[in-house]
Amino acid sequence: SGLGLALGLLVAVPIAVAIKLDSPGPVFYRQERTTQFGDRFSVYKFRTMRPESESATPGVDATRITRVGRLLRRTHLDELPQLWAIFVGKMSVVGPRAAWTAEEEFIQREMATWKKRWFVKPGLTGLAQINEATSTNSRAKLQYDLTYIRNQSFWFDLKIVVRQVWLVVRDAAAVVRRQVGGNHDR
């Protein structure tokens, strides 16, 4: 995470400028997340939505996301500040995705077994993420998370990280293709 933080600084300044030029509000977004055994910690991300527009109901309302935010989400660059949480030991690189505390309470009312995810440190990526299972399908996400917990190992983590890097590269290439293709259409 230290190396990622150092490299991330190269893109952090241009991202911060783009966020400030695109919409009013702070550059970073802070959110309380749940970690091991139900403890809570603050996670930071680059802000991708208009201030004061979050909702605890899983899913994303596209009208809340800024133009720059859409690009940051597609390229996963909004996640870079979470490397700090890994660096200070609040998260790991791989594990069940740390849920927003309000979202977690919503999902727990739906599924009592959701707390089983609390037995490992949350991760920046995980088996659910590389299989594109989100909180909108919390049952599938829980199954992937529990499968990860039962099978975690260095090699399993490495496979997940390699797959995540591939997905980030794929998504970033798709954004570039759209931008290049869009410029030729004019």
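Residues numbered from 1 in each chain as written. Predicted model: local features only at pLDDT ≥ 70, side-chain atom pairs only at ≥ 80, totals over all residues. Heavy atoms only, no water.

### A look at the side chain of Arg33
One can find Arg33 in strand S1 (residues 28-34). Glu79 provides the closest opposite charge to the buried, unpaired Arg33, separated from it by 6.2 Å. Reaching out from Arg33, the side chain makes a polar contact with the backbone oxygen of Ala98 at a distance of 2.8 Å. Ignoring any residue separated from it by four or fewer positions in sequence, one finds Arg33 in contact with Asp39, Arg40, Phe41, Val43, Lys45, Ala98, Ala99, Trp100 and Thr101. (Helix = DSSP H or I, 4+ residues; strand = E, 2+ residues; numbered from the N terminus. Buried < 20%, exposed > 50% of the residue type's maximum accessible area, 1.4 Å probe, protein only. Lys, Arg positive; Asp, Glu negative; His and termini not counted. Salt bridge = Lys/Arg side-chain N within 4 Å of Asp/Glu carboxyl O. Polar contact = N/O pair within 3.5 Å; in protein donor to acceptor, adjacent residues only side chain to side chain. Contact = heavy atoms within 4.5 Å.)

### Things to note about the confidence of the model for the protein
Confidence in the prediction for the protein averages 85 pLDDT; 91% of positions are at 70 or higher. Averaged over each element, pLDDT in the protein is lowest for helix H4 (residues 101-110) (78) and highest for strand S3 (residues 92-94) (94). (pLDDT = per-residue confidence, 0-100.)

### Some words on the layout of surface pockets
What the second largest pocket holds in volume is close to 170 Å³. What lines the second largest pocket is simply Gly4, Leu5, Gly8, Leu9, Ala12, Phe28, Tyr44, Phe46, Leu80, Pro81, Leu83 and Trp84. The set of elements that each furnish at least two residues to the lining of the second largest pocket consists of helix H1 (2-22), strand S2 (40-46) and helix H3 (83-87). Tallying contributions element by element places H1 first for the lining of the second largest pocket, with five residues. The residue inventory of the lining of the second largest pocket, partitioned by class, reads 10 nonpolar, two polar and no charged. (1 Å grid on protein atoms, 1.4 Å probe; cavity = no way out; pocket = protein on both sides within 12 Å on 5 of 7 lines; lining within 4 Å. Points joined across faces, edges and corners; volume = space filled by probe spheres on them. Nonpolar A, V, L, I, M, F, W, Y, C, P; charged D, E, K, R; others polar.)

### Here we look at unusual backbone geometry
The residue His76 is not glycine, and still its phi comes out positive at about 65 degrees. Structurally, the position occupied by His76 is in the loop between helix H2 (67-75) and H3.

### Comments concerning empty space enclosed by the protein
Counted under the stated rule, the structure contains one cavity of 30 Å³ or more. What the largest cavity holds in volume is close to 50 Å³. What lines the largest cavity is simply Thr34, Thr35, Gln36, Pro96, Arg97, Ala98, Arg117, Trp118, Val120 and Pro122. The class makeup of the residues in the lining of the largest cavity is five nonpolar, three polar and two charged.

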